[in-house]
Structures are given as structure tokens and as C-alpha cells.
Amino acid sequence: MKDKYLLKKDHLLPLLRKLKKTYRLIAPVRNTHGDTLFTAIDRLDEVRIDLDKQPQNSLKQFFFPQQEVLFTYDNPAGDSYHFQPVVEESPPSLYFGVRPCDLSAVLYMDVVFLKDAKDPSYLQKRQNSILVGLNCNDPFASCFCNVTRSGPFIDFGFDLQLTDLGDRFLVEFDRSRGQEIITSWQQFFAPAGEADVKAQYQSFLEARGKFSLQVHLDQAVRKLALGEVPESVWEELSMRCQDCGGCAYICPTCTCFTIHDLQTSDHAGERLRSWDACTFSGFTRMAGGHNPVDRQMRGIEKRFRHKLQFDVKKDNRPSCVGCGRCVNICFGGTDIVRFINMTCCENS
Amino acid sequence: MPSQSKDLYLPRPAEIREVIEENSQIKTFALSFIDREYQDRFSYAPGQFLMVSVPHCGEAPISVSSTPVSGGAIHLSVRRAGRLTAAMHGMRKGDVVGLRGPYGRPFPMAELAGRDLLFVAGGIGLAPLRSVINTCLAAGHGRRITILYGSRTPSDIAFKADLTSWGETANVSCLLTVDRAEPGWQGEVGLVTALLAQCRLEPDDAKALLCGPPMMIRAVLAELAERGFADEDIITTMERHMKCGVGICRHCHMDDKLVCRDGPVFTLQELKQLKVMELLG
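Definitions and cut-offs
- Residues numbered from 1 in each chain as written.
- Chains lettered and ligands numbered in written order.
- Predicted model: local features only at pLDDT ≥ 70, side-chain atom pairs only at ≥ 80, totals over all residues.
- Heavy atoms only, no water.
- Helix = DSSP H or I, 4+ residues; strand = E, 2+ residues; numbered from the N terminus.
- Rg over C-alpha atoms; globule rule 2.2 N^0.38 Å.
- Buried < 20%, exposed > 50% of the residue type's maximum accessible area, 1.4 Å probe, protein only.
- Areas by Shrake-Rupley, 256 points an atom, 1.4 Å probe, with all protein chains shown as cover.
- Lys, Arg positive; Asp, Glu negative; His and termini not counted.
- Charge placed at Lys NZ, Arg CZ, Asp CG, Glu CD.
- Disulfide = S-S within 2.5 Å.
- Contact = heavy atoms within 4.5 Å.
- Pairing = 2+ DSSP bridges.
- Right-handed = clockwise from strand over helix to strand, strands pointing away.
- Domains from an automatic or database assignment.
- Buried area = accessible area lost by both parts, 1.4 Å probe.
- Salt bridge = Lys/Arg side-chain N within 4 Å of Asp/Glu carboxyl O.
- Nonpolar A, V, L, I, M, F, W, Y, C, P; charged D, E, K, R; others polar.
- Polar contact = N/O pair within 3.5 Å; in protein donor to acceptor, adjacent residues only side chain to side chain.
- Phe/Tyr/Trp six-rings, centres within 6.5 Å; stacked < 30°, edge-to-face > 60°.
- 1 Å grid on protein atoms, 1.4 Å probe; cavity = no way out; pocket = protein on both sides within 12 Å on 5 of 7 lines; lining within 4 Å.
- Points joined across faces, edges and corners; volume = space filled by probe spheres on them.

As for the overall build of chain B
Line of reasoning, step 1. Looking only at helices and strands, one finds 10 helices and 15 strands in chain B.
Line of reasoning, step 2. At 18 Å, chain B has a C-alpha radius of gyration in line with the 19 Å of a compact globule built from 281 residues.
Line of reasoning, step 3. Here the C-alpha coordinates of chain B stretch approximately 50 × 45 × 35 Å along the principal axes.
Line of reasoning, step 4. For chain B, buried positions account for 57% of its 281 residues.
Line of reasoning, step 5. Carbon together with sulfur atoms contributes 51% to the accessible area of chain B, which is approximately 11200 Å² in total.
Line of reasoning, step 6. Each charge class in chain B was averaged separately, 31 positive and 32 negative side chains, and the resulting centres sit 5 Å apart.

Printed below as a string of C-alpha cells:
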């Protein structure tokens, strides 16, 4: 089979060991608390790579850290004020075991950070990244990437992509950098046969049938576009939302940020950017206190409209990737799945 | 002249050449970049804004109130509203701030040429319109210009030198009103919409440019609609909380538009497609 390869599971760790010599390796690691998190791996032999559970974090924090220094400044006197760029070279990094939802989220972040103005920090980290995907044979309980069309399998956007076929992975590439890895380490890869590709397709068909959540995404998108979402839905959601920002922080496609100064001495400081959430009441509040958006009532509405209405209008697809993390984290029960299904059950 | 990628968020130091106290709340800062070569290359268009940095206070978007002249000082008229603007009000000639920009979609200057122009402003709202008016006059705009300006009290009237000079220009009529008179005030008292009633306007051949508090905008829009102005001939500039200024951070969103990138200048026709507080009340 042209351009499709096999990697025996026994060869995975030896391959990663080789790759780790060239790249900083980031992969889902099960920690001592039992959490699985994308983690930069220091010593491969001392960690347990976990490809069975969904990582609790996405790749967002690696390309767009929760807080980062944009530059430093000093003003020894009123008549001097200097700005020094922070040169923080991101090492070439290989992200391993990236599921289709998280891969789709990176492709969405590319649009946010690189389409018009090019964000220098993001661009640098992205240019130095290799994405090795992992198709999802077994979607998790809160997953709904089948309706956001970002999984359970994906066929673009990765450098390399693995599909678990039991004792081996089927390996595909979508970018020349992925092909280079196969060429450089060909001792680990064997050409795939027709049976392997059939097995991959079979896995895809089975995975597609395994989703347990019923999410009427298209219907909600249509209702939002037509202005048919009943006011009672917004009222109930805003009443129940605890304004914790958890959904936005955990979301792989929520990229709103704030910029602020941190004074480090009498005459110096750092200009920082930090994650922000459009559900927060201060998000649109202007100097002097005027707020053009009633955040109490409309904060959560803005978030859902952005993902399911405005981004659909602009890019023809929602910017929710169906990873289900907000479903797991929201203790107010106002996650996006609840919203979608409320919208479709209530009569307008 | 937006920054290159690597210094997207990096301001450049600019020195305060002059501070003009417009009223107790508004000061106009005349600034120029310390890098003389950059200052000479720097250009902007009326309606655009700059991100202003003040030590330890972060950044705020301020629209330019001057007329783009090669190498000329950049005027930023700043109302004391929050922490950054209060700190800026404490700054003197010779002090240094950071500037980056200009950003945003400017007023459609080419469309304004050859049309009667109506400017309606309230308070600090005259700042961005001042840039348009002086640019039009410098370009020899020959058609009628009507300027209506509302302030809270006579001592709140800003840009007095400009108002005087506009009042003395042949094709310009400049009318002022205040919400509350003070001893010695001989002029109008009342809403800026009352001034509108005194004006001779030919809506088919005019453009109206508004900037001011939302309540004023709503009242003026209603009056202009009554007078037969088409939505595409009514232009305003929006104010929103902003952080990046370059269309990434999303603080200034209005539905699917971003004020920093798609605005801040919008026609009423464009705004009617959006759920905008200024129009909805």
C-alpha cells in the first residue's frame, strides 16, 4: 500500500527514544494521581505513556501558555521607557498521541493566531511542532466529535497519524515532515498491506457506532442562525452558570486572552498575556465601568454564539471540536452539550 | 503601518511634546516617536487608533485626534476614566509613553469628498471627528460642513481652539449646546438633537458622522432617519474594551465582528446587522 506503513507496538518505545534525541517529546502521561495529562517528557523510561484515556488537558497550553511574557519594560525615569522583546526559542517539539479533536483544535488555533495578524509566540511554537495523531477507536463517554465532524478519525492536519490495529499501528503521513520521520527511521516501519487498510476502515466504522451521547448539533446551529433559540434557554443557563471560567480554560479552542503589566521593581516590569474567558463579567467592561454587554445574562450566550453561530457564519464549521471536556468539568450543568440539547427540546 | 510579526505587541517609546488641558476631564497629548526615522515614516488615517502603554498600567486604545501630516505630532485626546488614563493625566511634557499601531478601519475619506458633511459629537466623541474635520479642511473640502457639539456644561467644552477656528471658516457652521448652563453662558441649552432641528440638510447628498455617548447616538440616529438619511450615509465609531488591537484576543467582539479589526468605524447599515447596545438601548 502506497504511503501507509505499519509500526509494531513493540517498536513504539524504541522509536520514541530515537525521536526524543531530536525533539522535546510531549505525550499523554499517567501521573501518580492517576491523571492522564499531556506532559513534556524528561526521561522516557520513568513515565507511563497512556494512550487509553483521554488526556485531561489539550495541546492549547503548549502553543498558547496560560500566562506568558510578551516583553519586559523599564522606566528608570518619567522621560525614559524601554521595551525589550523576550526571545524565548521554543525547541523543536513532537506531540505524540494527539486525538482528532485536539488536532482539529490546533488547526482552529492556527486560524485565530495566524490568519490575519501573525502572533509571534504562537507562530514560533507552531513552526517548531510535529503533530503525531492517534485515531480514536473507542470514543469516551462525553465525546461528540462525530457531530462536530472532527473525529473519531481524521485524515488531514497531522504530520504522522497512527491507528491502533491491535498489535500494531497503521501509520500515515500528511506532511513532508512526517514522511521524513518514516524515511529517517525506516527500520521501525514496514509497508502496510491491503488487509491493514481494511482493518483500519473496520475500526473507523466500529468507532463511529460507539458514541453514547446524542447531540443535536446541526439543529442547534440552525436555530441559532435563524434566531429561534428561546429566551428561556439563555435565562436558565445564565442562572445556573457559576462564572468559574472552567469551560473556557479547559476548552481546546477557547483562545481569548487579556494583556496586563506585572511590576517587578520600582522601575521595571513585564507585559503579560493570560488566558481569559468571555463568560467573565469584566471581559467587556470599559474604563470607567461601562459595560456594553450584560455579562450576568449574556456572558454564556456570547460563548455559545461564538462557537456555534459566528464561527459557522465565518468558516462554515463550528469551533467546538466535540472533545467533551467542558461536559466533565461544568458543575453548573451549563456545558455546550446541555445548551445544544436544551435548544432543540424547547419549543420556540 | 502595522508592526511586523516578531514585534506585534511591542510598543515604541514616544515623547510627550505638549499637554493641552481641554477641560477638567480631557487632556490632549501631542506625541512623537523618539525614533526620529520611525516618526517621519509613521502615518495613520482619521478614525484609526493607537494602543497606548503607560508604565505598570498596561495598554489602552485611544483614537487619534490629529490630522496626519508627515512627521507631525500625533494627538491623543484622553478622558480620565480608569487607572491608565488617570496615570497619563499625571504625565508632563518630556515624559514617555509607549505606542503601537495605527489599527482599525478608518473613516472612508474618499467617500466624504464632494459631499455635504454633518458631524455630531458629544464630549470626548469630538476627538476622532476632529481628525476627520481638520483633514477635510486641509484637503480643501469645498462643500458645506455642519458641526454640532454637545457638552455637559460650558466648562466641559473641549477643543475650544478648533471650535473657534471652524466657526470662522466660510463653509463651516459650528453649533454648540450644553446640558446645563453656567453663569455667563449665552448659548444653547439642551440636547444635540435640538441643534439638528435648526440645520438645513440635504440627506441625499450628505454624509453624517457621529461619535458620542450611546444615548446621544440613539437620539441622533432617530432624528437622522426622520430627516431621510440612508443607513449607509450614517457613519460612527465604536468604543470597546480592547487588549490586543490586532484581532486576536476577542475582547472587542460585536457578534461576528471585531471592533479593532472590522471597525472601529462602521456605517449604520453595518451595525444594523449586529446586536449592538448603542442601537438597542
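Now, onward.
Some points on the state of the cysteines
Residues and elements named next belong to chain A.
Line of reasoning, step 1. Going through the model one piece at a time under the given rule, you end up with zero disulfides over all chains.
Line of reasoning, step 2. Free of any disulfide, Cys254 has its nearest neighbouring cysteine sulfur in Cys251, separated by 3.9 Å.
Line of reasoning, step 3. For Cys254, a relative accessible area of 12% corresponds to the buried category.
Line of reasoning, step 4. For the unlinked cysteine Cys323, the closest cysteine sulfur is that of Cys101, found at 5.4 Å.
Line of reasoning, step 5. On the accessibility criterion, Cys323 (7% relative accessible area) is buried.

Some words on the side chain of Asp311 of chain A
Line of reasoning, step 1. Mapped onto the secondary structure, Asp311 of chain A falls in helix H11 (residues 295-315).
Line of reasoning, step 2. The residues touching Asp311 of chain A, leaving out its near neighbours within four places in the chain, are Tyr108, His306, Asn316, Arg317 and Ser319 of chain A.

Digging into the pairing of strand S11 (residues 206-211) of chain B
All names here are of chain B.
Line of reasoning, step 1. With six of six residues buried, S11 lies mostly within the body of the structure.
Line of reasoning, step 2. Side chains Ala206, Ala208 and Leu210 project from S11 onto one buried face, and the interleaved Lys207, Leu209 and Cys211 project onto a second face that is buried too.
Line of reasoning, step 3. Relative to S11, strand S7 (residues 116-122) runs parallel, the two being bridged by six bridges. Across the sheet, the residue bridging to Phe119 is Leu209, located in S11.
Line of reasoning, step 4. In the sheet, S11 pairs with strand S12 (residues 234-237) via three bridges, with the strands oriented parallel. If you follow Ala208 over to S12, its bridge partner there is Ile234.
Line of reasoning, step 5. In this view, the connection linking S11 to its parallel neighbour S12 by way of helix H7 (residues 214-226) has right-handed handedness.

A look at the domain arrangement of chain B
Think of interface size as the accessible area that goes away when the parts come together; that is how it is often given.
Residues and elements named next belong to chain B.
Line of reasoning, step 1. Segmenting chain B into domains produces domain 1 (5-103) and domain 2 (109-237).
Line of reasoning, step 2. The centre of domain 1, based on its C-alpha atoms, is set 25 Å off from the matching centre of domain 2.
Line of reasoning, step 3. Between domain 1 and domain 2, the residue contacts involve 17 residues of the former and 16 residues of the latter.
Line of reasoning, step 4. Both sides of the domain 1 and domain 2 interface together cover about 1200 Å² of buried area, and 54% of this is carbon and sulfur.
Line of reasoning, step 5. Counting across the interface, domain 1 meets domain 2 through zero salt bridges.
Line of reasoning, step 6. Those elements that provide at least two residues to the side of domain 1 that touches domain 2 are strand S2 (26-33) and strand S5 (74-79).
Line of reasoning, step 7. With four residues, S5 is the largest single contributor of residues to the side of domain 1 that touches domain 2.
Line of reasoning, step 8. Within the side of domain 1 that touches domain 2, the residues separate by chemical class into five nonpolar, 10 polar and two charged.

What to know about the domain arrangement of chain A
Residue and element names in this part refer to chain A.
Line of reasoning, step 1. Taken domain by domain, chain A comprises domain 1 (4-58 + 91-208) and domain 2 (217-345).
Line of reasoning, step 2. Relative to domain 2, the C-alpha centre of domain 1 lies at a distance of 28 Å.
Line of reasoning, step 3. Each partner contributes to the interface: domain 1 provides 23 residues, whereas domain 2 provides 22 residues.
Line of reasoning, step 4. Here domain 1 packs against domain 2, burying approximately 1900 Å² in sum over the two surfaces, 53% of which is carbon and sulfur.
Line of reasoning, step 5. Along the contact surface separating domain 1 from domain 2 lie three salt bridges.
Line of reasoning, step 6. In this structure, Asp218 engages Arg149 in a salt bridge whose closest nitrogen and oxygen atoms are separated by 2.9 Å.
Line of reasoning, step 7. Put simply, domain 1 and domain 2 have 14 residue pairs in polar contact (both at pLDDT 80 or more) between them.
Line of reasoning, step 8. Of all the elements, helix H3 (residues 100-114) adds the most residues to the side of domain 1 that touches domain 2, at eight residues.

So, the packing of aromatic side chains
All names here are of chain B.
Line of reasoning, step 1. The tally for this structure, following the rule as stated, stands at 23 aromatic pairs over all chains.
Line of reasoning, step 2. On the basis of an interplanar angle of 45° and a centroid distance of 6.0 Å, the ring pair of Tyr38 and Phe42 is categorised as tilted. One exposure class covers both Tyr38 and Phe42, and it is buried.
Line of reasoning, step 3. Between Phe42 and Tyr44, the aromatic rings sit 6.0 Å apart at their centres with planes inclined by 40°, giving tilted as the arrangement. Pair check on accessibility: Phe42 and Tyr44 agree, each one buried.

Side note on the environment of Thr148 of chain A
All names here are of chain A.
Line of reasoning, step 1. In this fold, Thr148 is placed in helix H5 (residues 145-148).
Line of reasoning, step 2. Sequence spacing of Thr148 and Val215 is 67 residues, and the spatial spacing of their C-alpha atoms is 9.4 Å.
Line of reasoning, step 3. Leave out the neighbours within four places in its chain, and Thr148 touches Leu217, Arg317, Cys320, Val321 and Gly322.
Line of reasoning, step 4. Within the local environment of Thr148, its side chain forms a polar contact with the backbone oxygen of Cys145, the two atoms lying 3.4 Å apart.

Looking at the layout of surface pockets
Rolled over the atoms, a probe sized like a water molecule indicates the empty space that remains.
Line of reasoning, step 1. Space inside the second largest pocket adds up to approximately 470 Å³.
Line of reasoning, step 2. Along its surface, the second largest pocket is lined by 19 residues, and Val86, Val87, Pro120 and Ser121 of chain A together with Lys6 of chain B are the ones closest to its centre.
Line of reasoning, step 3. Counting residues per element, the ones that place at least two in the lining of the second largest pocket are strand S5 (67-77) and helix H4 (120-127) of chain A.
Line of reasoning, step 4. Counted by class, the lining of the second largest pocket contains 10 nonpolar, two polar and seven charged residues.

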